[in-house]
Every structure is written in structure tokens, then in C-alpha cells.
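# Structural overview for review
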Amino acid sequence: EPEVTQTPSHQVTQMGQEVILRCVPISNHLYFYWYRQILGQKVEFLVSFYNNEISEKSEIFDDQFSVERPDGSNFTLKIRSTKLEDSAMYFCASSETGQGLGEAFFGQGTRLTVV
Amino acid sequence: AQTVTQSQPEMSVQEAETVTLSCTYDTSESNYYLFWYKQPPSRQMILVIRQEAYKQQNATENRFSVNFQKAAKSFSLKISDSQLGDTAMYFCAFMSRNSGNTPLVFGKGTRLSVIA
């Protein structure tokens, strides 16, 4: 069964460093998303991506963050100059026809720890 | 803005018993979806069940069913004949139906442990 895969499963980085979280969505999906969950908090929406551009983003997704689909298969989230409060589980998701019309498939998450 | 509240951080249930997970939400919209997602330890989050707000009939998927009370803005998940494989974090989520690509709004989750 096709699935969304995320790498790495756990990333530890120094405060101020840049990190790139990688996701391989399901191949025929057209909509891509990043969510995050700070420990003990809600899963929060970061950004949605369709047709090679951001379609919606939350207040969390400021200039520190960027997304890219560099080669037609990967979907990356870049965090520049990481802060301690960026420590969270980051989830990638993809869907064929949008989250409500179709099912959103999630990856297993990348746990980011900023020290 | 929509909010989703799951008031039970942790629950446990004996194998073969029934358990109900609570979820309430707040919205001014009338057209939306509600979801329950399950995330087993170290695994992907997967969709368990979906309810469309305009449908009065409660959704069911095998051992999983919901009690959707639109007026009360309540959306609880009932798991019957609980199995060890049901041990997971369960997330309730809301999505506006205004377009196909609006974000999911999640609750904090309920960690369910099924005990042998």
C-alpha cells in the first residue's frame, strides 16, 4: 500500500542552524501539507502546497520557514536559524483531491529537537 | 476560528471491551467534515472515520462508530470489542467544507491503551 515517508525520523540540531525535513508524498497526489505538534500540544497546520506553490499558510509559517518540491517527488520543509521553540514533531501529508474531498495520508513524522 | 477539544489525555480499556473517546468542537460554519485519526506508536497517522456535517446518520467503520451531535458540537468515537492493535494516539479533527484544501484543525489527542 502506498504511503507517505519522512526522513529523518529524528533530527537533533543546534539552535541557529538550518534544517531540512524531507517527505516523499504518494506519487499521484497533488496536495501537500506540513503540520507540527509541540509536545503536549495540538497538531497545528503550517502550510499547504498545490501546483508548485503555497496555497495556504498559518501564522506559524513565517519567513523562517520555506517549502519546496525540488524534483517532483520530494517535498521539503526548511527551517532557517532554528529556535528552541521549533522543537516538535513535524508531519507531512498528501492527498489526491484535497483533505476533505479525499483522505489525507500522513507520514510517521520527524521529531526535531533543537538544543 | 475553529477549535477542537479532546478532554481525555489518556484512557485505558480492557481487551474486548468498549470505549468512547470524547471530542467537542466550536465553529460558526454549518458545512464541514469531522475526522478521527489514529496514530499507533512510531507509525503513520491514519484516518479511522469521517463524518460529513450535513449527514444526520452517524458514520460507522466496522468496530468504530461515532456519535455526532451537531447541535451540541460533539463528535465522540466508540470503539467496540477493543483489540491490542487499537493502542494508539487518537486525534479528532475538523475541516471546513468551503474548499477541498482547507487545513485540518486538530485536538490535542487521546492516548488509548488496550490492556490484555
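Heads up: these notes are all about the structure in this document. (Residues numbered from 1 in each chain as written. Chains lettered and ligands numbered in written order. Predicted model: local features only at pLDDT ≥ 70, side-chain atom pairs only at ≥ 80, totals over all residues. Heavy atoms only, no water.)

### Describing the overall build of chain B
- Looking only at helices and strands, chain B features zero helices and twelve strands.
- Ordered by position from the N terminus, the helices and strands of chain B form the series β-β-β-β-β-β-β-β-β-β-β-β.
- Taken over the C-alpha trace, chain B has a radius of gyration of 14 Å; the compact-globule value for 116 residues is 13 Å, and the two agree within 12%.
- For chain B, the spread of C-alpha atoms along the three principal axes comes to 45 × 30 × 20 Å.
- Here chain B holds 116 residues, and the buried ones make up 51% of them.
- Taking contacts inside chain B between residues at least 6 apart in sequence as the whole, the part at least 24 apart equals 56%.
- Element-wise, carbon and sulfur atoms account for 43% of the exposed surface of chain B, whose accessible area totals about 5600 Å².
- Charge-centre separation for chain B: the mean point of 11 positive side chains lies 6 Å from the mean point of 9 negative side chains. (Helix = DSSP H or I, 4+ residues; strand = E, 2+ residues; numbered from the N terminus. Rg over C-alpha atoms; globule rule 2.2 N^0.38 Å. Buried < 20%, exposed > 50% of the residue type's maximum accessible area, 1.4 Å probe, protein only. Contact = heavy atoms within 4.5 Å. Areas by Shrake-Rupley, 256 points an atom, 1.4 Å probe, with all protein chains shown as cover. Lys, Arg positive; Asp, Glu negative; His and termini not counted. Charge placed at Lys NZ, Arg CZ, Asp CG, Glu CD.)

### Focus: the overall build of chain A
- When you go through chain A residue by residue, the secondary structure sums to zero helices and eleven strands.
- N-terminal to C-terminal, the α/β element order of chain A is β-β-β-β-β-β-β-β-β-β-β.
- A compact globule built from 115 residues would reach a C-alpha radius of gyration of about 13 Å, and chain A, at 13 Å, matches this within 12%.
- Every one of the 115 residues in chain A was classed for burial, and the buried ones make up 47%.
- Look at the contacts in chain A between residues 6 or more apart in sequence, and 55% of them connect residues 24 or more apart.

### Observations concerning the interface of chain A and chain B
- Contacts between the two partners involve 27 residues from chain A, matched on the other side by 21 residues from chain B.
- In total, about 2000 Å² of surface goes out of reach between chain A and chain B, with carbon and sulfur atoms giving 53% of it.
- At the surface where chain A touches chain B, the tally comes to zero salt bridges.
- Counting across the interface, chain A meets chain B through three residue pairs in polar contact (both at pLDDT 80 or more).
- Secondary structure elements with two or more residues in the side of chain A that touches chain B: β4 (31–37), β5 (43–50) and β6 (53–57) of chain A.
- Of the residues contributing to the side of chain A that touches chain B, the split by class is eleven nonpolar, twelve polar and four charged. (Buried area = accessible area lost by both parts, 1.4 Å probe. Salt bridge = Lys/Arg side-chain N within 4 Å of Asp/Glu carboxyl O. Polar contact = N/O pair within 3.5 Å; in protein donor to acceptor, adjacent residues only side chain to side chain. Nonpolar A, V, L, I, M, F, W, Y, C, P; charged D, E, K, R; others polar.)

### Some remarks on the pattern of salt bridges
Residues and elements named next belong to chain B.
- One pass over the structure, following the stated rule, counts four salt bridges over all chains.
- Residue D86 pairs with R63 through a salt bridge whose shortest N-O separation is 2.8 Å. Of this pair, D86 sits in the loop between β9 (74–79) and β10 (88–96) while R63 sits in the loop between β7 (60–61) and β8 (64–69); the two residues are 23 residues apart in sequence, bridging distant segments of the chain. Here D86 and R63 have matching classes, each one buried.

### Concerning the side chain of Q39(B)
- Topologically, Q39(B) is positioned in strand β5 (residues 32–39).
- Accessibility expressed as a relative area gives 12% for Q39(B), which makes it buried.
- A polar atom in the side chain of Q39(B) sits 3.4 Å from the backbone oxygen of R43(B).
- Not counting chain neighbours up to four residues away, the residues in contact with Q39(B) comprise F91(A), Q108(A), Q44(B), M45(B), A88(B), M89(B) and F91(B).

### Looking at the state of the cysteines
All names here are of chain A.
- Under the counting rule described, the total for this entry stands at two disulfides over all chains.
- The partner cysteine of C23 in its disulfide is C92, sulfur to sulfur 1.9 Å. Across the S-S bond of C23 and C92 the torsion is about -65°, and the bridge reads as left-handed. Separated by 69 residues along the polypeptide, C23 in strand β3 (residues 19–24) and C92 in strand β9 (residues 88–95) bring together distant segments of the chain.
- By relative accessible area, C23 is classed as buried at 0%.
- Judged by relative accessible area, which is 0%, C92 ranks as buried. (Disulfide = S-S within 2.5 Å.)

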